[in-house]
Amino acid sequence: MASIVYISENRVRELLNWEETYKSIKCALESVSKERAFQDKRSAIKLGNTYNFLFSMCGGLSDKTYGGLGCKLFTYFPENFRKNEPALKANIFLLDEETGSLKAVIAAAHITDWRTAAASAVATKYLHSENNNVLAILGAGSQGKAHAMAFKYLFNFNKINIWNRTTERAKNVVDELNQNNDNTSANKVFVAYDSIKECVKDADVIVTATSGNETLLKLEWLKKGVHINAVRVNPVYRELEDDIYKSSDVYIDYWEGAKYELEGIKDLGVEFKGQIGDVIARVIAPPSSDRISVFQSLGMPVEDCAVARLVYDLHIASNV
Ligand SMILES: NC(=O)C1=CN([C@@H]2O[C@H](COP(=O)(O)OP(=O)(O)OC[C@H]3O[C@@H](n4cnc5c(N)ncnc54)[C@H](O)[C@@H]3O)[C@@H](O)[C@H]2O)C=CC1
Ligand SMILES: O=C(O)C1=NCCCC1
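Description of the structure in this document. Since we're looking at a predicted model, the values are computed, not measured.

## Quick notes on the layout of surface pockets
By volume, the second largest pocket is sized at about 170 Å³. Along its surface, the second largest pocket is lined by 15 residues, and His 128, Ser 129, Gly 225, Val 226 and Ser 289 are the ones closest to its centre.

So, in structure tokens, the structure goes:
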């Protein structure tokens, strides 16, 4: 029997790059439109009388390059910050597609950040025209930072505005990103904001990636034709005010998840236009450029399968 490989967070960080992550996630998003994705909604178990949860996301993706069979098991313990530990801890169990045997256990916090940012990037490419001058990001946590890096790498934004509830955190992330981007440039790409309205008012594209319970974004602040990637997942709380959903073309990643986790948006009378994969596969049309578009992201099991396969292949290829 072949031995089981363990791939740590540090090793994942060494291996992943944006080009391949983008391609693998585009493949995963499109697979839902081509009947090459086998997955269901995630399962969530509340751990007794706490705010702690245990989740699983299992599925299979059929593809020569990015196909994989697996399951991401993750916990969300919101009080972990008191112990100076991240709230989200995740591992992917990657299985052999022929036999079902366990091939690898891959640490998946970094994968979750990168694949979610890559999904927003794919959605932006397919739902939004090329007019990408200013990007605004609300939330300077793991997702906010990963989105800033992905969008800097994959698009040509001249300015990337970042707002966070505590401005100190936005400033620290902006300093780090500017330093990694270009030490010498006087004209810094990343800029910290302490007002959401000022942060988003010139934005062509917006990412919302916070974990609070407050509505952050108002319709009256938005430019015509803006594209929004709404990353926060919560059945009750939404970062966008209801009028934004009601006035926009709203796209999702997969129907199986949306049926259960996006009830609240449907209750507003919003009809989802369809899956991003259906736009990629040209089954449905993208929005017209004067409409506001929203990608309401949930995160799919097959995204994790695709990136786990990518990481596994890169690890094996560079380990021989
Ligand atoms: N769509 C998807 O595939 C995925 C979505 N997520 C979602 O992304 C969001 C962010 O996750 P991470 O960056 O990993 O978390 P994190 O804990 O690293 O960052 C959370 C950010 O939210 C901010 N925040 C907390 N309370 C706030 C409030 N009341 N108002 C405004 N901002 C507040 C914090 O300052 C922090 O910057 C979460 O809602 C999570 O559920 C996470 C993974 C995948
Ligand atoms: O898809 C994921 O992975 C997650 N989605 C929402 C919240 C945490 C992780």
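There's plenty left to go through after this.
## Overview of the side chain of Asn 161
Locating Asn 161 in the fold gives a position in strand β9 (residues 159–163). Classification of Asn 161 as buried rests on a relative accessible area of 2%. Apart from residues lying up to four places away in sequence, Asn 161 is in contact with Val 134, Leu 135, Ala 136, Ile 137, Val 191, Tyr 193 and Cys 199.

## A few points about unusual backbone geometry
The backbone of Glu 35 sits at a positive phi, close to 55°, despite the residue not being glycine. Exposure remark for Glu 35: the relative accessible area of 71% places this residue in the exposed category. At Arg 282, a residue that is not glycine, the phi angle is positive and equals roughly 60°. Residue classification places Arg 282 among the exposed residues on the basis of a relative accessible area of 77%.

## Here we look at the packing of helix α3 (residues 109–127) against helix α4 (residues 142–154)
The contact between α3 and α4 brings their axes to 8 Å, and the two run at 50°. Here α4 runs oblique to α3, going by the angle between their axes. Classified by chirality, the crossing of α4 by α3 is right-handed. Of α4, the residues touching α3 (which contributes Thr 112, Asp 113, Trp 114, Thr 116, Ala 117, Ser 120, Ala 121, Thr 124 and Lys 125) are Ser 142, Gln 143, Ala 146, His 147, Met 149, Ala 150, Phe 151 and Leu 154. Here the residues of the contact of α3 with α4 are counted per class, giving 8 nonpolar, 7 polar and 2 charged.

## As for the sheet that holds strand β11 (residues 205–208)
If you walk across this open sheet you meet the 8 strands as β10-β9-β8-β11-β12-β15-β13-β14, and the pairing is parallel. Every interior strand has two partners, whereas the edge strands, β10 (190–193) and β14 (274–275), have only one. Of the pairings in the sheet, the one linking strand β12 (residues 227–230) to strand β15 (residues 292–296) comprises 4 bridges and is parallel in character. Bridged to His 227 within β15 is Ser 293. Packing of α3 onto the sheet brings it into contact with β11, β12, β13 (248–252) and β15, and relative to β12 it is tilted by some 155°.

## Section: the state of the cysteines
Counted under the stated rule, the structure contains 1 disulfide. Put simply, Cys 58 and Cys 71 are joined by a disulfide, and their sulfur atoms are 2.3 Å apart. You can see Cys 58 sitting in strand β4 (residues 53–61) and its partner Cys 71 sitting in strand β5 (residues 68–76), a full 13 residues away along the chain. The class of Cys 71 is buried, set by a relative accessible area of 17%.

## A word on empty space enclosed by the protein
Under the criterion given, the structure shown has 1 cavity of 30 Å³ or more. By volume, the largest cavity is sized at about 110 Å³. Lining the largest cavity we find 16 residues, and of these Arg 232, Asn 234, Tyr 237, Arg 238 and Gln 296 sit closest to its centre. By residue number, the principal contributor to the lining of the largest cavity is helix α9 (residues 263–266), which donates 3 residues. Residues that form the lining of the largest cavity fall into these classes: 8 nonpolar, 3 polar and 5 charged.

## Details of helix α2 (residues 18–31)
For an α-helix, the turn length of 3.6 residues means that residues three or four places apart are oriented alike. Between its terminal C-alpha atoms α2 stretches 20 Å, which fits the 20 Å expected from 14 residues at 1.5 Å a residue. Counting buried positions along α2 yields 10 of 14 residues, so the element is predominantly enclosed. Listing the buried residues of α2 in full gives Trp 18, Thr 21, Tyr 22, Ser 24, Ile 25, Cys 27, Ala 28, Leu 29, Glu 30 and Ser 31. Looking at the buried residues of α2, the elements they touch are β2 (37–39), β4, α3, α4, α10 (276–280) and α11 (301–317).

## Observations concerning the site of ligand 2
Around ligand 2, a shell composed of Arg 42, Met 57, Lys 72, Phe 74, Leu 88, Thr 112, Arg 115, Val 233, Leu 298 and Gly 299 is seen. Note that an oxygen atom of ligand 2 is positioned 2.6 Å from one of the side-chain N or O atoms of Lys 72. A distance of 3.4 Å is found between a nitrogen atom of ligand 2 and a backbone nitrogen or oxygen belonging to Leu 298. Burial of ligand 2 by the protein chains amounts to 79% of its free accessible area of 260 Å². Of all the secondary structure elements, the ones that give two or more residues to the shell around ligand 2 are β5 and α3. For the shell around ligand 2, a count of residues per class yields 5 nonpolar, 2 polar and 3 charged. Each of domain 1 (5–111 + 302–318) and domain 2 (113–301) contributes no fewer than three residues to the shell around ligand 2.

How each quantity is defined
- Residues numbered from 1 in each chain as written.
- Chains lettered and ligands numbered in written order.
- Predicted model: local features only at pLDDT ≥ 70, side-chain atom pairs only at ≥ 80, totals over all residues.
- Heavy atoms only, no water.
- 1 Å grid on protein atoms, 1.4 Å probe; cavity = no way out; pocket = protein on both sides within 12 Å on 5 of 7 lines; lining within 4 Å.
- Points joined across faces, edges and corners; volume = space filled by probe spheres on them.
- Helix = DSSP H or I, 4+ residues; strand = E, 2+ residues; numbered from the N terminus.
- Buried < 20%, exposed > 50% of the residue type's maximum accessible area, 1.4 Å probe, protein only.
- Contact = heavy atoms within 4.5 Å.
- Axes fitted to C-alpha atoms, helices over the stretch in contact; angles between N-to-C directions.
- Parallel < 35°, antiparallel > 145°, perpendicular 65-115°, else oblique.
- Left-handed = near helix turned anticlockwise from the far one by under 90°.
- Nonpolar A, V, L, I, M, F, W, Y, C, P; charged D, E, K, R; others polar.
- Pairing = 2+ DSSP bridges.
- Disulfide = S-S within 2.5 Å.
- Expected span 1.5 Å × (residues − 1).
- Near = heavy atom within 4 Å.
- Polar contact = N/O pair within 3.5 Å; in protein donor to acceptor, adjacent residues only side chain to side chain.
- Areas by Shrake-Rupley, 256 points an atom, 1.4 Å probe, with all protein chains shown as cover.
- Domains from an automatic or database assignment.

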